[in-house]
Amino acid sequence: MRCPYCSNDETQVKDSRPSDDGSSIRRRRFCPACGNRFTTFERVQLRELTVLKTDGRRVPFDRDKLGKSIRIACRKRPIGDDQIERLLNGIQRRLEMETDAEISSRRIGEMVMDTLKGVDQVAYVRFASVYQNFSEAKDFQAFLGGLDTP
């Protein structure tokens, strides 16, 4: 593992432990060249996923990009980083269990919306507004009209 501070190729693992949900391994590392410490996470990847975009392009699945979108939707909501990580892990596992390794961006968006709907309705509406490209207030009204309220 390359040191993020000095780019030294030789770093040492000082501590390893599973994450709280058991889906990854957290490793504390030390760089003997510069003396800095840093943390890495290792996740199991069942297979390579390809995302089929609406314009026909095919791009590799980017977990970080998906996580960023979910974090933006959840900003200033009572949803912790650990819960977002669990959501991401669950979505990624569901995607990896799909029969095709090529998954449409629409399918991914629907999975995220289904997941967020059960966690936080404000985050759900925020994500939906970007995903479904709301452009006017009436788009929100139409969407909210179909939202089940407890």
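As the structure is a computational prediction, the values presented were derived from the model and not from experiment.

Regarding the confidence of the model for the protein chain
Argument step 1. Confidence in the prediction of the protein chain, expressed as mean pLDDT, is 88, and 93% of residues score 70 or more.
Argument step 2. Per-element mean pLDDT across the protein chain ranges from 83 in helix α5 (residues 137–145) up to 95 in helix α1 (residues 63–74).

Side note on the packing of aromatic side chains
Argument step 1. Under the criterion given, the structure shown has four aromatic pairs.
Argument step 2. Where Y124 meets F143, the ring centres are 5.4 Å apart and the plane angle is 40 degrees; that geometry is what we call tilted. In this pair, Y124 sits in helix α4 (residues 121–131) while F143 sits in helix α5, placing the two residues 19 residues apart along the sequence.
Argument step 3. Look at F143 and you get buried, because its relative accessible area is 14%.

Observations regarding the sheet that holds strand β5 (residues 58–60)
Argument step 1. Spatially, the three strands line up as an open sheet ordered β5-β4-β6, and their pairing is mixed. In this open sheet, the two edge strands, each paired with only one partner strand, are β5 and β6 (102–104). Between one strand axis and the next, the sheet turns through 35 degrees on average, direction left out of account.
Argument step 2. Of the strands in this sheet, β4 (50–52) and β6 are in contact with helix α3 (residues 105–117), which crosses β6 at around 65 degrees.

Brief notes about the pattern of salt bridges
Argument step 1. What the rule picks out here adds up to 12 salt bridges.
Argument step 2. The salt bridge involving R63 is made with E85; its shortest N-O contact spans 2.7 Å. With R63 in helix α1 and E85 in helix α2 (residues 81–97), this pair connects stretches of sequence that are 22 residues apart.
Argument step 3. The partner of E136 in a salt bridge is K138, and the shortest N-O contact between them spans 3.6 Å.
Argument step 4. Taking relative accessible area as the criterion, E136 reaches 42% and is therefore assigned partly exposed.
Argument step 5. The exposed category is assigned to K138, whose relative accessible area is 53%.

About the cut-offs
- Residues numbered from 1 in each chain as written.
- Predicted model: local features only at pLDDT ≥ 70, side-chain atom pairs only at ≥ 80, totals over all residues.
- Heavy atoms only, no water.
- pLDDT = per-residue confidence, 0-100.
- Helix = DSSP H or I, 4+ residues; strand = E, 2+ residues; numbered from the N terminus.
- Phe/Tyr/Trp six-rings, centres within 6.5 Å; stacked < 30°, edge-to-face > 60°.
- Buried < 20%, exposed > 50% of the residue type's maximum accessible area, 1.4 Å probe, protein only.
- Pairing = 2+ DSSP bridges.
- Axes fitted to C-alpha atoms, helices over the stretch in contact; angles between N-to-C directions.
- Contact = heavy atoms within 4.5 Å.
- Salt bridge = Lys/Arg side-chain N within 4 Å of Asp/Glu carboxyl O.

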